[in-house]
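Now for the letters of each chain:
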Amino acid sequence: MATSTPMCGICDLRHISKSSVVWCPECDEGLCGNCKEHDTLSKSSRNHSVIAVSDYQKLPSDVLKITLICSEHNEQYQIYCKKPESPCCIRCISENHNSCKEICPLEDVIHNFKTSSAFQEIEQTLKEVAENHERIIQNRKTNLKSLKDLKGKIRNEIQQFRLKINSHLDQIHDSLIKKLDETEERECEKICNLLKQLEKKEQEIKEFQSDIANIKQYASEFQSFLAMQHIDKIATESVKLLQELLSSDTFKETRLYLDLDKGLERFSSNFKTFGDICTDYKPTVIDIVRRKNVQAQLVFPKMYTGSIDDINLNLIQTIKIGSDNKGCTFLGDGQ
């Protein structure tokens, strides 16, 4: 959008700096109050339509760059060529558009264009494009929100799975600890029971040792003989019991160790992640406004420059004439 007020073009030619009050699109220059009055009285420009400079400055900068003067030849555009869709001055036609057939006066193309169906089609198409952009933007924003929601859902699933694993591990942990306590208690009880038996036997042997000392000192030979025979039997039985004990499982060294489940070993070594975060794509369901094969085109009269040989005749009407009318006419080349 223009920011500075354009100077009056006519005054500028007279080396007078004067701000414009109106803009004449057809003259492609601004006019001050006096020059505006002259422009409306001049025969060549009395039909020109002017707009206020303030309104002119509202036009987009790209539109303000458009002029009626050919930048290559510095002459006013008078002709429009559909291919390649460009306005042309007389010199453009003679130099670059000799073979073009779809050309016509520029005035015919731009006449009432702002109220034409082509203008309305372009305006409607742009409106639909804007609406579709808005729909797509809203769709993408919705997708962003859904991604955030899905992230929260997946995070919760991971946490719930972790809690489930923790609960399961706690159960098997507690079960194994309980078994450890029970096993240790059972084995300790076996050893304690054996200790009680051995300690009882040890006390008996100590008593026999005390008896032997008294027998040796105070008993008669006969008493000593019979008493020692009895003690010998008990000592022999004790030696036999000890030998049996040393060779039995009861006397084996009891140890505890952990035999890890092979599945748990594989679990600890192979388990690297709970899973993976995957991306799934599916077609977006969105209603796009799309008119049936509508394409805004500039419609203008065509002027062909081909030869007469390219003209095809179509029968429009047959007229019956009387039998007295006879004759024909030939062209100079015999046709």
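The structure this text deals with has already been given above.
Model, not experiment: these values are computed from the prediction. (Residues numbered from 1 in each chain as written. Predicted model: local features only at pLDDT ≥ 70, side-chain atom pairs only at ≥ 80, totals over all residues. Heavy atoms only, no water.)

### A few points about the sheet that holds strand β5 (residues 86-88)
The condition that has to hold: Note: two strands are recorded as paired if DSSP finds a minimum of 2 bridges between them. For the purposes of this entry, the term helix denotes a DSSP run of H or I that reaches at least four residues, the term strand denotes a run of E that reaches at least two, and both are numbered from the N terminus. Only the stretch in contact is used when a helix axis is fitted, and all axes are lines through C-alpha atoms; the angle between N-to-C directions ranges over 0 to 180 degrees.
Spatial strand order, β5-β4-β6: 3 strands in an open sheet with antiparallel pairing. If you trace the sheet from one side to the other, it starts and ends with β5 and β6 (103-105), each paired once. Between one strand axis and the next, the sheet turns by 30 degrees as a mean value, whatever way the strands run. Relative to β5, strand β4 (residues 79-81) is paired through 3 bridges, and the arrangement is antiparallel.

### Examining the packing of aromatic side chains
Threshold: Classification of ring pairs rests on two measures: the distance between centres of Phe, Tyr or Trp rings, Trp counted by its six-membered ring, which must be within 6.5 Å, and the angle between planes, read as stacked under 30 degrees, edge-to-face over 60 and tilted in between. Three labels apply to residues, based on accessible area from a 1.4 Å probe with only protein chains included: buried if under 20% of the type maximum, exposed if over 50%, partly exposed otherwise in between.
Tallying each qualifying case throughout the model produces 1 aromatic pair. Ring centres of Trp23 and Tyr56 lie 4.1 Å apart, and the angle between their planes is 15 degrees; this geometry places the pair in the stacked category. Separated by 33 residues along the polypeptide, Trp23 in strand β1 (residues 22-24) and Tyr56 in helix α3 (residues 53-56) bring together distant segments of the chain. Here Trp23 and Tyr56 have matching classes, each one buried.

### A closer look at the sheet that holds β1
Pairing is antiparallel across the open sheet formed by 3 strands, whose spatial order is β2-β1-β3. Sheet topology places β2 (29-31) and β3 (51-52) at the edges, where each strand pairs with a single neighbour. Relative to β2, β1 runs antiparallel, the two sharing 3 bridges. Note on β2: the bridge partner recorded for Cys24 is Glu29.

### Quick word on the nonpolar core
Cut-off, in case you're wondering: Among buried residues, those of type Ala, Val, Leu, Ile, Met, Phe, Trp, Tyr and Cys that are joined through side-chain atoms within 4.5 Å constitute a nonpolar core. Residue contacts are counted whenever heavy atoms from the two residues lie within 4.5 Å of one another.
By size, the foremost hydrophobic cluster in this structure holds 14 residues, and its most contacted members are Cys70, Ile79, Cys81, Cys88, Cys92, Ile93 and Ile103. Of all elements in the fold, only β4, α5 (90-96), β6 and α6 (106-110) reach the threshold of two or more residues within this core. When residues of this core are assigned to their parent elements, the largest contribution, 3 residues, is made by β4. Excluding anything up to four places from it in sequence, Cys70 contacts Glu75, Tyr77, Cys89 and Cys92.

### Describing helix α8 (residues 221-247)
Put simply, the rule is: Every helix has an expected span of 1.5 Å times one less than the residues it contains.
For α8, which comprises 27 residues, the first-to-last C-alpha distance of 38 Å matches the rise-based estimate of 39 Å (1.5 Å per residue) to within 8%. The set of residues buried in α8 consists of Ser224, Ile231, Ile234, Ser238 and Leu245. Residues of α8 that are buried make contact with α7 (117-218).

### Focus: α7
Think of an α-helix as 3.6 residues a turn; residues three or four steps apart then line up on the same face. With 102 residues, α7 extends 148 Å from end C-alpha to end C-alpha; this agrees with the ideal 152 Å at 1.5 Å per step. Listed in full, the buried residues belonging to α7 are Ala118, Glu128, Asn132, Asn139, Ile165, Thr183, Glu187, Leu194, Phe208 and Ile215. Buried residues in α7 make contact with α8.

### Overview of a nonpolar patch on the surface
So the rule is basically this: A patch consists of residues exposed above 30% relative accessible area that lack any salt bridge, with like charges linked at up to 9 Å and nonpolar side chains (Val, Leu, Ile, Met, Phe, Trp, Tyr) linked at up to 5 Å. Only the protein chains shown count as cover for residues, and the accessible areas themselves come from Shrake-Rupley with a 1.4 Å probe. A pair is scored as a salt bridge if a Lys or Arg side-chain nitrogen falls within 4 Å of a carboxyl oxygen belonging to Asp or Glu.
Together, Leu169, Ile172, Leu176, Leu258, Leu260, Leu264 and Phe267 make up a nonpolar patch on the protein surface, roughly 570 Å² of accessible area in all. Of all the secondary-structure elements, those providing two or more residues to the nonpolar patch are α7 and α9 (262-270). Of the residues forming the nonpolar patch, the biggest block, 3 residues, is contributed by α7. Here Leu264 is to be found in helix α9.

### Looking at unusual backbone geometry
A positive phi angle, close to 60 degrees, is found at His15, a residue other than glycine. In this structure, His15 sits in the loop between α1 (9-13) and β1. Positioned with a positive phi, Asn74 is a non-glycine residue whose angle comes to about 55 degrees. Tracing the sequence through the fold places Asn74 in the loop between α4 (61-64) and β4.

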